[in-house]
Amino acid sequence: MNATMNHELEQRKAVNPLKDLAKAVITRACLDSLGHITNSSYCGTTEKSILMDTAKRFFDPNIKSFRLWCDLAGGEPEYIRDLHNDLTYHYNCGKLKDFNTRVVIETLLKKL
């Protein structure tokens, strides 16, 4: 019976829609900050620049909404900010050019 209870607890931990939503928001903000705009045909250079800047400012641990998303995702705001900063650095250096950026971000966030 104990094994069944443990299995049920593991299943509940695996299905957490709020955590999944929070990770999706953080993933989208990371992609936006790097210029991976979903449909760039609808977005001019100025709009893309504004979107990228807004996404970069999202990763500020002093902003209440960022702290909330981090809490829902199960991570500390400073840790997620540092992940974003490291990702940005490696992306800009070209070290991630052979990787799917979304997959890299999602893999990092799975550890939360």
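Please refer to the structure placed before this passage.
This text gives an overview of the structure that appears in the document.

Reading guide: rules and limits
- Residues numbered from 1 in each chain as written.
- Predicted model: local features only at pLDDT ≥ 70, side-chain atom pairs only at ≥ 80, totals over all residues.
- Heavy atoms only, no water.
- Core = buried A, V, L, I, M, F, W, Y, C linked by side-chain atoms within 4.5 Å.
- Buried < 20%, exposed > 50% of the residue type's maximum accessible area, 1.4 Å probe, protein only.
- Helix = DSSP H or I, 4+ residues; strand = E, 2+ residues; numbered from the N terminus.
- Contact = heavy atoms within 4.5 Å.
- Salt bridge = Lys/Arg side-chain N within 4 Å of Asp/Glu carboxyl O.
- Axes fitted to C-alpha atoms, helices over the stretch in contact; angles between N-to-C directions.
- Parallel < 35°, antiparallel > 145°, perpendicular 65-115°, else oblique.
- Left-handed = near helix turned anticlockwise from the far one by under 90°.
- Nonpolar A, V, L, I, M, F, W, Y, C, P; charged D, E, K, R; others polar.

### A short note on the nonpolar core
Logical step 1: With 18 residues, the main nonpolar core has Ile26, Phe59, Ile80 and Leu87 as its most contacted residues.
Logical step 2: Only α2 (17-33), α4 (64-73), α5 (77-93) and α6 (101-110) provide two or more residues apiece to this core.
Logical step 3: At 5 residues, the largest contribution of residues to this core is made by α2.
Logical step 4: If we ignore the near neighbours within four places in the chain, the residues touching Leu87 are Cys30, Leu34, Leu96, Val104 and Ile105.

### Observations concerning the pattern of salt bridges
Logical step 1: Throughout the structure, instances matching the rule amount to 3 salt bridges.
Logical step 2: Salt-bridge contacts for Asp82 lead to Arg81; the nearest nitrogen and oxygen are separated by 3.2 Å.
Logical step 3: With a relative accessible area of 27%, Arg81 lands in the partly exposed category.
Logical step 4: A salt bridge links Arg102 to Glu106; its shortest N-O distance comes to 3.6 Å. Of this pair, Arg102 and Glu106 both sit in helix α6, separated by 4 residues, roughly a single helical turn.
Logical step 5: Classification of Arg102 as partly exposed rests on a relative accessible area of 35%.

### Let's talk about the packing of α2 against α6
Logical step 1: It is the contact of α2 with α6, at a shortest axis distance of 10 Å, that shows an interaxial angle of 140°. When the interaxial angle is binned, α2 and α6 end up oblique. When the axes of α2 and α6 are compared, the crossing they make is right-handed. Contact residues: Lys23, Ile26, Thr27, Arg28, Cys30 and Leu31 in α2; Thr101, Arg102, Ile105, Glu106, Leu109 and Lys110 in α6.
Logical step 2: For the contact of α2 with α6, the residue count by class is 5 nonpolar, 2 polar and 5 charged.

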